[in-house]
Amino acid sequence: YGAAGAVVGLLGLYALAAWLVLPPSLWGDWTRNVLPTGGYGLRPFNLFLPAEPWNHSINGFMLFVQDRTHTLLGMPTWWLTRPLTYLVAGAVGAATVGLSFLSARKGTGAKTLDLEFALFLLMMFLVAPLSWEHHLVYALPAALFAIDFLLRGRARGAAALAVVAALFVMAWDFPRDEMFLIKGPLVFVNAVKFFAAFGLWVFVAKRAWDDLRAGGAGRAAAGGA
């Protein structure tokens, strides 16, 4: 709670300093031009449409779907893709926070803290409006945990193969400019890095949930004994 309070206090001080130091005309320009285009499903002010294969977040994938379906159907589809973006991002955020909350309630936080940090960083990558290639650095802790799980045999069969594929996809430097020109049924290969990052989040979240269940069962057995 102290760390969270310090973060909020620092953000407040920074905001106050910016309000006092920066010229008033800048805030008017930001309010008129930048703020209205800062949500999901929108093209940010003075920026190209941040869709896949450059933007690997949930918003990037949904913008890609919005752009392609608009082209195919000849009609705008933002009325569907924009709410879906908020819904999926909210679900990922809620699941991540929920796992951390349950960990604190069950008293397993000391054992799962590092895993929770990795999960939060991966969530930040997924829910951010813009997650470019270099932002994949946020996925590194989760990737290391996934490799550790594989080496210790905590993932086998199809799950292990899927994790290995996701790690290779995220590490591979795809020719993104050429990928954006792909047409036809293979067009969704543009979103391959989003699928890899989302799959890694699902895998790590499942391992965190398994740890919570195992920890709770272990304490119940100890108490009964």
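Everything below is about the structure printed above this text.
**Q** Whenever I open this one, the overall build of the protein confuses me. Can you help?
**A** Summing up its helical and strand segments, the protein has nine helices and zero strands in all. Listed by position from the N terminus, the elements making up the protein come as α-α-α-α-α-α-α-α-α. On the principal axes, the C-alpha backbone points of the protein span a range of 65 × 50 × 30 Å. Just so you have it, the protein exposes about 13400 Å², and 73% of that area is on carbon and sulfur atoms. The average position of the 17 basic charges and that of the 12 acidic charges among the side chains of the protein differ by 10 Å.

**Q** Would you take a moment to explain the nonpolar core for this structure?
**A** For soluble globular proteins, nonpolar side chains are generally found buried alongside one another. In this structure, L126, M170, L200 and W201 are the most contacted members of the largest nonpolar core, which totals 43 residues. Elements that contribute at least two residues to this core include exactly α3 (58-73), α4 (78-106), α5 (109-127), α6 (140-151), α7 (157-171) and α9 (192-224). It is α9 that provides the largest number of residues to this core, a total of eleven residues. Here L200 is in contact with L122, A139, A142, A143, A146, L167 and M170, once residues within four sequence places are set aside.

**Q** What should I look at first to understand unusual backbone geometry in this one?
**A** In terms of backbone geometry, most residues other than glycine have negative phi values and most peptide bonds are trans. With phi around 60 degrees, N46 is a residue other than glycine that occupies positive phi space. By the element assignment, N46 lies in the loop between α2 (24-34) and α3. Judged by relative accessible area, N46 falls into the exposed class, the value being 68%.

**Q** Would you explain a nonpolar patch on the surface in this entry?
**A** Residues L16, W19, L20, V21, L22, L26, W30, V34, L35 and F45 make up a contiguous nonpolar surface patch of roughly 990 Å² in combined accessible area. Going through the elements one at a time, α1 (2-21) and α2 are the ones with two or more residues in the nonpolar patch. Element by element, the count of residues in the nonpolar patch is highest for α1, at four residues. Among the structural elements, W30 can be located in helix α2. Classification of W30 by relative accessible area gives partly exposed; the value is 37%.

**Q** Hey, could you run me through empty space enclosed by the protein in this one?
**A** One water molecule sets the probe size; rolling that probe over the atoms shows where empty space is left. Under the criterion given, the structure shown has one cavity of 30 Å³ or more. In this structure, the largest cavity occupies an estimated 60 Å³ of space. Where the lining of the largest cavity is concerned, the elements lending two or more residues are α4, α5 and α9. In terms of residue class, the lining of the largest cavity is built from five nonpolar, four polar and one charged.

**Q** Which parts of the structure should I look at to understand α7?
**A** The α-helix winds at 3.6 residues per turn, so residues separated by three or four positions along the chain end up facing the same way. The terminal C-alpha atoms of α7, which comprises 15 residues, lie 22 Å apart, in line with the 21 Å expected from a rise of 1.5 Å per residue. Along α7, the positions that sit buried rather than exposed are A160, V163, A166, L167, V169 and M170.

**Q** Sorry if this is basic, but what is going on with the packing of α6 against α7 here?
**A** The description of two packed helices rests on the angle between their axes and on the distance between the axes. In the contact formed by α6 and α7, the axes pass within 11 Å of each other and the chain directions differ by 145 degrees. For the element pair α6 and α7, the recorded crossing hand is left-handed. Contacts between α6 and α7 involve A143, A146, I147 and L150 on the former and, on the latter, A160, V163, V164 and L167. Counted by class, the contact of α6 with α7 contains eight nonpolar, no polar and no charged residues.

**Q** Sorry, what's going on with the packing of α3 against α4 here?
**A** Remark: α3 packs on α4, axes separated minimally by 9 Å, with the N-to-C direction vectors making an angle of 160 degrees. Taken together, the axes of α3 and α4 are roughly antiparallel relative to one another. The handedness of the crossing between α3 and α4 is right-handed. Of the residues in α4, those in contact with I58, N59, M62, V65 and Q66 of α3 are W78, T81, L84, T85, V88, A89 and V92. Grouping the amino acids of the contact of α3 with α4 by side-chain chemistry returns eight nonpolar, four polar and no charged.

**Q** I keep staring at the environment of S57 and nothing clicks. Help me out?
**A** One can find S57 in the loop between α2 and α3. Expressed as a C-alpha distance, the spacing of S57 and M123, which sit 66 residues apart in the sequence, is 9.5 Å. Engagement of the side chain of S57 in a polar contact is seen with the backbone nitrogen of N59, the distance being 3.4 Å. Here P129 takes part through its backbone oxygen, which lies 3.4 Å from a polar atom of the side chain of S57.

About the criteria used
Residues numbered from 1 in each chain as written. Predicted model: local features only at pLDDT ≥ 70, side-chain atom pairs only at ≥ 80, totals over all residues. Heavy atoms only, no water. Helix = DSSP H or I, 4+ residues; strand = E, 2+ residues; numbered from the N terminus. Areas by Shrake-Rupley, 256 points an atom, 1.4 Å probe, with all protein chains shown as cover. Lys, Arg positive; Asp, Glu negative; His and termini not counted. Charge placed at Lys NZ, Arg CZ, Asp CG, Glu CD. Core = buried A, V, L, I, M, F, W, Y, C linked by side-chain atoms within 4.5 Å. Buried < 20%, exposed > 50% of the residue type's maximum accessible area, 1.4 Å probe, protein only. Contact = heavy atoms within 4.5 Å. Patch = residues over 30% accessible without salt bridge, like charges linked within 9 Å, V, L, I, M, F, W, Y side chains within 5 Å. Salt bridge = Lys/Arg side-chain N within 4 Å of Asp/Glu carboxyl O. 1 Å grid on protein atoms, 1.4 Å probe; cavity = no way out; pocket = protein on both sides within 12 Å on 5 of 7 lines; lining within 4 Å. Points joined across faces, edges and corners; volume = space filled by probe spheres on them. Nonpolar A, V, L, I, M, F, W, Y, C, P; charged D, E, K, R; others polar. Expected span 1.5 Å × (residues − 1). Axes fitted to C-alpha atoms, helices over the stretch in contact; angles between N-to-C directions. Left-handed = near helix turned anticlockwise from the far one by under 90°. Parallel < 35°, antiparallel > 145°, perpendicular 65-115°, else oblique. Polar contact = N/O pair within 3.5 Å; in protein donor to acceptor, adjacent residues only side chain to side chain.

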